[in-house]
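Structure at a glance
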Amino acid sequence: MFLPAGSKDEMGSSLNNRFSVMEKFRNVTTLRGYKPISTPVIEYASTFTNEFIDMKLQDMMKWFNGEGEIEVLRPDWTTAIARALSSQEKKPQKWTYQGSVFKRNMPGVEYHQIGVEIIHYPELMGESECLLMAQAFLKEIGVGACVIELGHTEIYESLVEELQLSKFEAERLRQAMHDKKKDEVYQIALSHSNKEKAYELASLVDAFGPIEIIDEYEEKWKGRENVLGTLQHIKKLAKILMESGSGEILVDLGRVKNLPYYSGLMFRGFLQSSGAVCFSGGRYDRLYEQFGESISAVGVALDVEVLAAQVIETDLFERICIIANEESLAYAENVRHSFQNCIVDVQSESVNVKGYNRVYEIKKLNGKFEVIER
Ligand SMILES: N[C@@H](Cc1c[nH]c[nH+]1)C(=O)O
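Residues numbered from 1 in each chain as written. Predicted model: local features only at pLDDT ≥ 70, side-chain atom pairs only at ≥ 80, totals over all residues. Heavy atoms only, no water.

Describing the sheet that holds strand β16 (residues 368-373)
Convention followed: Strands pair, by our definition, only if DSSP identifies at least two bridges between them. Numbering of helices and strands runs from the N terminus, with a helix taken as a DSSP run of H or I at least four residues long and a strand as a DSSP run of E at least two residues long. Throughout, an axis means a line fitted to C-alpha atoms (over the contacting stretch in the case of helices), and angles, computed between N-to-C directions, take values from 0 to 180 degrees.
With mixed pairing, 4 strands are arranged side by side in an open sheet as β14-β13-β15-β16. The sheet is open, and its two edges are formed by β14 (342-347) and β16, each paired on a single side. Averaged over all pairs of adjacent strands, the angle between their axes in this sheet comes to 25°, without regard to strand direction. Here 4 bridges tie strand β13 (residues 318-323) to strand β15 (residues 358-365), and the two strands are oriented parallel to one another.

Topic: the nonpolar core
Within soluble globular proteins, side chains that are nonpolar tend to cluster in buried spots. Stated precisely, the cut-off is as follows: Nonpolar core, defined: a set of buried Ala, Val, Leu, Ile, Met, Phe, Trp, Tyr and Cys residues in which side-chain atoms within 4.5 Å join the residues together. Exposure is judged per residue with a 1.4 Å probe applied to protein chains only, and the accessible area is read against the type maximum: over 50% gives exposed, under 20% gives buried, and values in between give partly exposed. Here, residues are in contact when the closest pair of their heavy atoms is within 4.5 Å.
Judged by nonpolar contacts, the single largest core of 65 residues is most densely connected at F137, L138, L150, L201, F279 and L307. The residues touching L138, leaving out its near neighbours within four places in the chain, are V143, C146, C278, F279, L302 and L307. Formed by 26 residues, the second largest nonpolar core is a distinct cluster that contains A45, M55, Y97 and A301.

Comments concerning the side chain of D252
Which entries qualify depends on this criterion: N or O atoms within 3.5 Å of each other form a polar contact, as long as, within protein, one can give a hydrogen and the other can take it, and as long as residues adjacent in sequence are counted only when both atoms are side-chain atoms.
The residue D252 is located in strand β9 (residues 249-252) in this model. There is a polar contact of 2.9 Å between the side chain of D252 and the side chain of K180. In contact with D252, other than residues within four places in its own chain, are E149, L150, G151, K180, A207 and F208.

Some words on the pattern of salt bridges
Stated precisely, the cut-off is as follows: For this document, the term salt bridge refers to a Lys or Arg side-chain nitrogen within 4 Å of an Asp or Glu carboxyl oxygen.
Under the defined criterion, the tally for this structure stands at 28 salt bridges. Note that R32 and E129 form a salt bridge whose closest N and O atoms lie 3.0 Å from each other. With R32 in the loop between α1 (13-31) and β1 (35-36) and E129 in helix α4 (residues 123-141), this residue pair connects regions lying 97 residues apart in the sequence. Here E361 and K363 are joined by a salt bridge, their closest N and O atoms 3.5 Å apart.

A word on the site of the ligand
This is how it is decided: Here, proximity means that at least one heavy atom of the residue falls within 4 Å of the molecule or strand. Amino acids are sorted into nonpolar (Ala, Val, Leu, Ile, Met, Phe, Trp, Tyr, Cys and Pro), charged (Asp, Glu, Lys and Arg) and polar (every other residue, Gly among them).
Around the ligand, a shell composed of 15 residues is seen, among which D76, T78, E117, Y261 and Y262 lie nearest. One nitrogen or oxygen atom from the side chain of D76 is found 2.9 Å from a nitrogen atom belonging to the ligand. Between a nitrogen atom of the ligand and a side-chain N or O atom of Y262, the distance comes to 2.6 Å. Only β6 (110-119), β11 (277-283) and β12 (297-303) provide two or more residues apiece to the shell around the ligand. Considering only residue class, the shell around the ligand consists of 7 nonpolar, 6 polar and 2 charged.

The following block contains the structure:
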């Protein structure tokens, strides 16, 4: 029997590592005051494709239901949680979740995420909590150092605003900026403005580096009040992170949003060992406008597959093998209780005992069962 492209079975240690990442995330978030939330894996497509969210239907796993409406497998936790919370009380809330998201445009199709969503919190507080929680969690699972990258939607958007682009052209420019294709950014911008403006926008491609480069850009963008405010905000956040012992912090001032609902700060975490993106998140206040609300909302999702691949399986438990037969099975079950905090595996005579720390055999001597160590 075969599986559809992208689907895969999982077993043994890779599954153990994934579960261990998820269990630890549950612990870390519970101890930081988060409450768990879960939403159904099947949703209406319109929850994700409406004008406020604007995710692409072509990237979703979808079908028509009996009424002719399009249903999808959850492509995104953040949007689903916003839908679920739209009728909730308007007070500060911190939610934690774990489960699959499905992306038809990605080779693996099903991805496991763990994440948090924080709403109705003061901006800086919510944003720093996302990043501090992520850092604390990465430390807990021992995946090594992580580099945090900070970006903000406003810088690029305030420069592009003046260009008056069609939706199609705006997307072309966003993609070129995202791929850091400087020449293409310049050409698209030039066809809608003058050389000076096009150069300014193209230069944004290079506006990334260590947090210290912000000072340079403060000087460069002196006249731009709103952009200066944004830079100040990034600096404040970076200071909190550094004072809390975070590792390297980078900024990408030309970063464009990778999800249509971001408005404000965006961040990513890269594992220093492999360079892989292990978390990604940002502010998405505007997503709640579909419910007629103006609130503060920020969150982060961590990639379980990336993290699980880094976790070194540590066998914390001693492995005990008890060899029994049909007659001694019930007795073996009772013997199991005499080993606390051990993996106790009842096996038959034919077992290969390699890999066990201790092996016991249940023998019948003079009509009575006895446990004998091998
Ligand atoms: N849902 C986002 C992560 C995120 C959580 N909250 C805000 N952003 C993602 O899948 O990348």
